[in-house]
Amino acid sequence: MSALAGWWDRRSSGEQRTLLLAAGLVIVIVLGLAGLEIARARARLNAELPRLRASIAGLERDAAEVKRLRSVPPAAAQQQSAGAQLVTLATNGGGLAGAQIAVLDDKRVKVSGADVGFGALLEWLQNAQATHAMRVESARLEALPAAGRVRAELLLTRS
């Protein structure tokens, strides 16, 4: 350290002032460059933030779907004979008031009703599709004078 102090003392006051200004200028330039780099990094991260948030939201939705699917009993546990499943669908009209539901065989069900609520019929069909893999093979619907009521004859088959 004494060598540096001796070197400094041998400089004239003009040289010392010039060296201090140069050192100050170097420090200002280094700090300025560091500040620019920090500003660039901040701008890049701010631009990336919405994409990352959307990614997190997607992952949270996926996690919720996984949790929901894990709560559903495995398909093997739900397996029962096809006929027994369709009988369950037909029991008490399957929740479809005013309709008669007949199991024709292991893959087909006939639904008929002289006065059925159209909304209830659509809801029942959606449930039959979701829970029993049924789809409409043929349908004949006739609007009745009462609003939202229909005469219906449908044939559903297992997909």
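Note that the coordinates shown come from a computational prediction; the quantities given were computed from them, not determined experimentally.

Draft legend 1. Inspection of the side chain of Arg158 at higher detail. Following the sequence through the fold, Arg158 ends up in strand β4 (residues 149–158). Despite its burial, Arg158 remains without a salt bridge, the nearest opposite charge being carried by Asp106 at 7.6 Å. Here His132 takes part through its backbone oxygen, which lies 2.9 Å from a polar atom of the side chain of Arg158.

Draft legend 2. View of helix α2 (residues 13–71). The terminal C-alpha atoms of α2 lie 82 Å apart, and with 59 residues this matches the ideal 87 Å at 1.5 Å per residue to within 8%. Considering bend angle alone, the principal kink of α2 is centred on Leu49 and spans about 35°; proline Pro50 follows within four residues of it.

Draft legend 3. Structural context of helix α5 (residues 118–132). Helix length check: α5 (15 residues) gives 20 Å between terminal C-alpha atoms against 21 Å at 1.5 Å per residue, within 8%. Immediately downstream of α5, the backbone of Ala133 shows phi near 55°, a positive value.

Draft legend 4. Layout of empty space enclosed by the protein. Under the criterion given, the structure shown has 1 cavity of 30 Å³ or more. There is about 40 Å³ of room inside the largest cavity. In terms of lining residues, the largest cavity is bounded by Arg140, Leu141, Glu142, Arg151, Ala152 and Glu153. Listing elements by their share of the lining of the largest cavity, those giving two or more residues are β3 (134–143) and β4. Class assignment of the residues belonging to the lining of the largest cavity gives a composition of 2 nonpolar, no polar and 4 charged.

Draft legend 5. Region of the structure containing the packing of helix α1 (residues 2–9) against α2. Packing of α1 against α2 brings their axes to within 9 Å, and their N-to-C directions diverge by 120°. In this view, α1 runs oblique relative to α2, as classed from their interaxial angle. Every residue of α2 that contacts α1 at Trp7, Trp8 and Asp9 is listed here: Gln16, Leu19 and Leu20. Residue composition of the contact of α1 with α2, by class: 4 nonpolar, 1 polar and 1 charged.

The rules behind each value
Residues numbered from 1 in each chain as written. Predicted model: local features only at pLDDT ≥ 70, side-chain atom pairs only at ≥ 80, totals over all residues. Heavy atoms only, no water. Helix = DSSP H or I, 4+ residues; strand = E, 2+ residues; numbered from the N terminus. Buried < 20%, exposed > 50% of the residue type's maximum accessible area, 1.4 Å probe, protein only. Lys, Arg positive; Asp, Glu negative; His and termini not counted. Salt bridge = Lys/Arg side-chain N within 4 Å of Asp/Glu carboxyl O. Polar contact = N/O pair within 3.5 Å; in protein donor to acceptor, adjacent residues only side chain to side chain. Expected span 1.5 Å × (residues − 1). Bend = angle between axes of the 7 residues up to and from the residue. 1 Å grid on protein atoms, 1.4 Å probe; cavity = no way out; pocket = protein on both sides within 12 Å on 5 of 7 lines; lining within 4 Å. Points joined across faces, edges and corners; volume = space filled by probe spheres on them. Nonpolar A, V, L, I, M, F, W, Y, C, P; charged D, E, K, R; others polar. Axes fitted to C-alpha atoms, helices over the stretch in contact; angles between N-to-C directions. Parallel < 35°, antiparallel > 145°, perpendicular 65-115°, else oblique. Contact = heavy atoms within 4.5 Å.

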